[in-house]
Every structure is written in structure tokens, then in C-alpha cells.
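Fold and geometry: a report
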Amino acid sequence: MRFRVTRPLIAVRRAGAAPSPTRRVPITVGPPIGTADPRLFGSFVEHLGRGVYGGVFDAGHFEATAEGLRSDVIALVRELGVTIVRYPGGNFVSGYDWRDGVGPVAERPRRLDLAWKSIETNEFGTDEFIAWCRAAGVEPMLALNLGLGDVRSALQLLEYANHPGGTTLADERIANGAPLPHDVRVWCLGNELDGPWQLGHKSAAHYADIAASAANAMRMFDPSLELVVVGSSNADMPTFGTWEETVLERTIELVDYLSCHIYFYEDDDLAGFLRSADRLDAFLDGVQDVIRRVSARHPGARDVRISLDEWNVWNYRAYDDIKEARAFEQAPRLLEQEYTVADAVVVGSLLQSILAHCDTVAIAALAQLVNVIGPIRAEADGTAWRQTTFHPFAAAARSAGHTVFATEAADDGDVVASVTRDPSGRIVHVFLTNRSTDAPAVIEIDLAPLAPREVSRADLLWDPDPHAANTADARERVVPRTPATVLDGGRLRLTMPPISWAGIELSCSADG
């Protein structure tokens, strides 16, 4: 049972109209939902635009390491709290030959990338990505080409990456400067193959057969691998539900996770946009319903969980014609969205939805990480900086590994509350969203059962202009504020303005 309830959308206040009165919103904490797997705070790096070249990798940058990795970006990735990163796509992977990206860089081929109408230099490949993961302190999650690629190529990449040595492919990796196995544990069996835009697009039955063959062969190499089978690429696909059911019927005894992807955008409806988490709740519940139905027909099969390995705010309709209008270029500027305060509030609420589904969602990846619809921006002639969406993600990521509790807010659905507690019982995080476009809210949340002692940190993301953003010329236009908080008798109280998000950390007695 979930405490949260979806309510009708509110109306946006008309210009010149009086603001709504401040509301008092009592919140109660319910029973535990589950544990927030650290992999819920993952991200995604694709060979798209300046996500790789000019993003995580730029050999000519003044802060680049000897390997060409941008150290300023790595520092921000660590601050962001990212735990796992999916690579190399995305749509890119369905036309990618991993062999193009290994070996001496000077000998690597330049290729056309048909997915994003770009030129791929292959300077950055599997070995460079693993080196970047280790420098950034994140776990790698590799996607396999099951679009134009095949099972044999997938197995060869697995052997190259994970076998210690003594075979041609493993020894090739060693000769390329990686003496130890990369030991990649999580593998995606393709990407968005339900979509007609995807190179190698397949029917559900065709994909299910290939995914089952790949999964079975990979488990013959290493039964402990964690495998992600492709689910729906968005909630509005006409095959949503039937695709998942067909694929799982064939693979549920071989895979660990079912992927799903979803994006949100404002589309001239701010009030509706602020309720995006309600759509995410329904989407995740729908995916889980399919898993339950198929599992019921396969007693003893694997406990398949959800990998939400692409999610974000992205005004993708603004890019509908970008591929048709653009000639093939090398690392073009694509999808470099400047995120607003409203975007960040929605991202914060989506993170709360993910936490509320921690009993069914095991992996989530904010798509993407740098420059391309990412929380981090970077320029070749300057340093990297934080977009507005950086701040709620960094705050929520501090709850990795925590117990997540159900909550109930006694209002009309404008306020969303999340509560987590670390395994020691000494740290509690409270995340709050005020989704009203015009009404402040006085939040009072009863935390007495968790024995809070003091507020150790409080961040409020808000601005009088909900469309304010951080840009190259104003990189700290939007930063978290410190709200006034009161902790009295185990009750936390603070006032949240409309269109705002807050992360509060409290120190607690361990016996609470």
C-alpha cells in the first residue's frame, strides 16, 4: 500500500490575481517501504552531442588528466553522488561496434553515427570508459548492441571486458593497457528496440528470442552477471504492456531487471508539469503489474525488478527536426537544455517517486550526465558548472542505502513528502515538494518515532522566477537557500513557497 494519492491538477494563478493563502500541511510517517538501492542514483553517458567529447573527455582541456578525462567534471560527478553509469547508449549503441573503440587510438576508425547524424572518432571507448568510472568512483553498466549487432559480438565484448587472460580477446585488453578484468556486473541487452526509430528495431517476439539467446550464453560465461532486458521506451508506446509481457514470458528465468524509459516536459502547462511524478508513479506501477502477472505464471523464476535506466525532464519536442536538419558533424551541440527552477522541482519530485518505489525499482539512471540534458554543463574554454537539477539529485543521493518510509500529507496533493533513515538510525532525510503554483505551505511533519535531535542541514530550491536557470554567464544564478526550520518535540516545521523543493537532514538518536 502506498500512502500517496494522485489528485486532480490545480489551475495556474492568473496574472494579477491574489496569491492563495498559506496552507498548513500536517504529514505523518508510515511503515517502511523498503531500502533505497544505491543504484537508484545512477546516470547515463552516451556518444551523443558533447556528452562524451567535450563532456567527460577532452584531452585538450586545461583540467584534463593524462588520459584526457576532465578532472573538473569528475569532481562534480563525485559531488553529485552518482553510483552507476550506463554506457555507450542509448540509440547510439544499436549501430555501434565495440571493437572500433579499443586498441591504439591512432588506428581507430572514424564512423558515421546514424542515430544522431554525427561523426564518431572512437577516441573514447570501452577501456577509456572503465578508466573514467574508476576515476569518478562509479560502477559501469554496459549496454550491448542487439540492434544491428548480434549475440556473438556481445559475447566477445563480455570476454574482452571480464576474462582475466589467456584468450585472444582478454590478452588484447591486457595489451591495450588494462591488465585486470573490468569486471562489469550489469549488462543491458540492447536499447529501446520497441521503437521504430531504433537501428535494428524488432517485434517483441523477435527481440525476446535474441535477448534470451544472449542472456543464456552470457550466463554460461558467468551465472552471477546482472542482466537488463529491454522494456518500453516510453509510457505512450502503443505496445506498452504487451511488449513487456511478450519479452518477459521468454526471458524471466534468465534476466534480473526489466528496463523502462520516461521523460517529462512543461509544454505550456506548468501546473500539469509539476505533477509529473504522478505519471511516473502510474508508469512504474504499470510495469510492475506486468512483472507480477508473468511471474505468477512462472513460479520459481527470477525476482525481476525494474531498471528505470532513462528518466529526466527533457523538452524533446524542441528537437523533433534536429536530426533531419543537421549534417554529419563531430561532437555537435545537441540537446543542451538549460534547466529551470521548475525543472529542478520536478526532478526532485521524480526522485521522490523513485524512492517511493524502492521495493520494485532497483536501478535508475538520470539521462544524461554532462551537457546532453544533464545536471552538469561544461565548456572547452572554461570550467564545468551545476545546472539547477544538480541540487535535488545531490541531496537525494545522500539517502542511498537508507530505509524509505511511506508518508501521508493531509492536503490536496500539492505537497509530496519523503522520509528516509540510514542503517545506523542516526541520520534521517526529509524531502519535500510544494507543487502549488501560487500557495505557500507550512509543513509540519511528525518525526518523533525516529527520535530526531537537531537539523544538521537544510536546503531549499526556490526562486521568485520559476524559469530562472544557471547559464555560462550566470553559473550560480540558482543555488539552494537555507530555509528557517523548527524542530520541537519531534515535529519538524518549515514554510515552503510555491514551486519549491527541500532536502532536510536531521541527526537522530540511534535507538529511535
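**Remarks on the overall build of the protein**
A tally of helices and strands in the protein yields 11 helices and 22 strands. Computed over C-alpha atoms, the radius of gyration of the protein comes to 23 Å, within 12% of the 24 Å expected from 2.2 N^0.38 for 512 residues, which places it in the range of a compact globule. Reported as C-alpha extents along the three principal axes, the dimensions of the protein are approximately 70 × 55 × 45 Å. A burial count over the protein gives 60% of its 512 residues as buried. Considering only contacts within the protein whose residues lie at least 6 apart along the sequence, 77% involve residues at least 24 apart. Carbon and sulfur atoms form 52% of the exposed surface of the protein, whose accessible area is close to 19,200 Å². Placing the 48 positive and 70 negative side-chain charges of the protein at their respective mean positions leaves the two points 3 Å apart.

**Observations regarding the sheet that holds strand β18 (residues 441–446)**
Whether parallel or antiparallel, the strands of a sheet pair through hydrogen bonds between backbone atoms. What the nine strands build is an open sheet, ordered β19-β22-β17-β16-β15-β1-β18-β21-β20; its pairing is mixed. In the strand order of this sheet, the two ends are held by β19 (452–461) and β20 (485–488), each with one partner. With strand direction ignored, the average angle separating the axes of adjacent strands in the sheet is 25°. Packed onto the sheet, helix α10 (residues 341–356) meets β1 (23–35), β15 (403–409), β16 (415–421), β17 (427–434), β19 and β22 (500–508) and runs at close to 130° relative to β17. The strands touched by helix α11 (residues 390–397) within the sheet are β17, β19 and β22, with β22 carrying the most contacts at an inclination of about 25°.

**Here we look at the confidence of the model for the protein**
Detailed conclusions should not be drawn from predicted coordinates in areas where pLDDT is low. Taken residue by residue, the protein gives an average pLDDT of 93. The fraction at 70 or more is 94%. Within the model, pLDDT remains below 50 along residues 1–17, and this stretch shows 41 contacts once partners closer than five positions in the same chain are excluded.

**What to know about the packing of α10 against α11**
Following both chains from N to C, one finds α10 and α11 inclined at 25°, their axes separated by 8 Å at the closest point. The angle between α10 and α11 falls in the class roughly parallel. In terms of crossing hand, the pair formed by α10 and α11 is right-handed. Residues Ala-344, Val-347, Gly-348 and Leu-351 of α10 touch α11, and the partners they reach there are Pro-392, Phe-393 and Ala-396. Partitioning the contact of α10 with α11 into residue classes produces six nonpolar, one polar and no charged.

**Observations regarding the sheet that holds strand β5 (residues 118–120)**
With mixed pairing, three strands are arranged side by side in an open sheet as β4-β5-β11. Since the sheet does not close on itself, it has two edges, and those belong to β4 (111–113) and β11 (329–330), each with one partner.

**Let's talk about the pairing of strand β3 (residues 84–87)**
In β3, alternate side chains face the same way, and those of Ile-84 and Arg-86 on one face and Val-85 and Tyr-87 on the other are all buried. Examined bridge by bridge, strand β2 (residues 42–44) and β3 share two bridges and lie parallel to one another. Opposite Ser-43, over in β3, you have Val-85 as the bridge partner. For the handedness criterion, the β-α-β arrangement of β2, helix α1 (residues 71–80) and β3 is classed as right-handed. Direction of pairing for β3 relative to strand β6 (residues 139–143): parallel, over a ladder of four bridges. Considered in β6, the bridge of Val-85 is made with Pro-140.

**Remarks on the nonpolar core**
Phe-124, Trp-132, Trp-187, Leu-189, Leu-308 and Trp-311 are the most contacted members of the largest nonpolar core, which totals 124 residues. For Leu-308, the residues in contact, after removing those within four places along its chain, are Cys-260, Ile-262, Leu-280, Leu-284, Ile-354, Val-361, Ile-363, Ala-364 and Ala-365. Of all hydrophobic cores here, the second largest spans 23 residues; its members include Val-430, Ile-443, Ala-458 and Cys-508.

**Quick look at α11**
Counted residue by residue, α11 has eight buried out of eight residues, so it is predominantly covered. Here α11 has its buried residues at Phe-390, His-391, Pro-392, Phe-393, Ala-394, Ala-395, Ala-396 and Ala-397.

**A closer look at the pairing of β18**
As judged from the five bridges shared by β1 and β18, these two strands associate in the parallel manner. Across the sheet, residue Ile-27 finds its bridge partner in β18, namely Ile-445. Inspection of the sheet shows β18 paired to strand β21 (residues 491–496) by six bridges, in the antiparallel sense. The residue of β21 that forms the bridge with Val-442 is Thr-495.

Rules of the game
- Residues numbered from 1 in each chain as written.
- Predicted model: local features only at pLDDT ≥ 70, side-chain atom pairs only at ≥ 80, totals over all residues.
- Heavy atoms only, no water.
- Helix = DSSP H or I, 4+ residues; strand = E, 2+ residues; numbered from the N terminus.
- Rg over C-alpha atoms; globule rule 2.2 N^0.38 Å.
- Buried < 20%, exposed > 50% of the residue type's maximum accessible area, 1.4 Å probe, protein only.
- Contact = heavy atoms within 4.5 Å.
- Areas by Shrake-Rupley, 256 points an atom, 1.4 Å probe, with all protein chains shown as cover.
- Lys, Arg positive; Asp, Glu negative; His and termini not counted.
- Charge placed at Lys NZ, Arg CZ, Asp CG, Glu CD.
- Pairing = 2+ DSSP bridges.
- Axes fitted to C-alpha atoms, helices over the stretch in contact; angles between N-to-C directions.
- pLDDT = per-residue confidence, 0-100.
- Parallel < 35°, antiparallel > 145°, perpendicular 65-115°, else oblique.
- Left-handed = near helix turned anticlockwise from the far one by under 90°.
- Nonpolar A, V, L, I, M, F, W, Y, C, P; charged D, E, K, R; others polar.
- Right-handed = clockwise from strand over helix to strand, strands pointing away.
- Core = buried A, V, L, I, M, F, W, Y, C linked by side-chain atoms within 4.5 Å.

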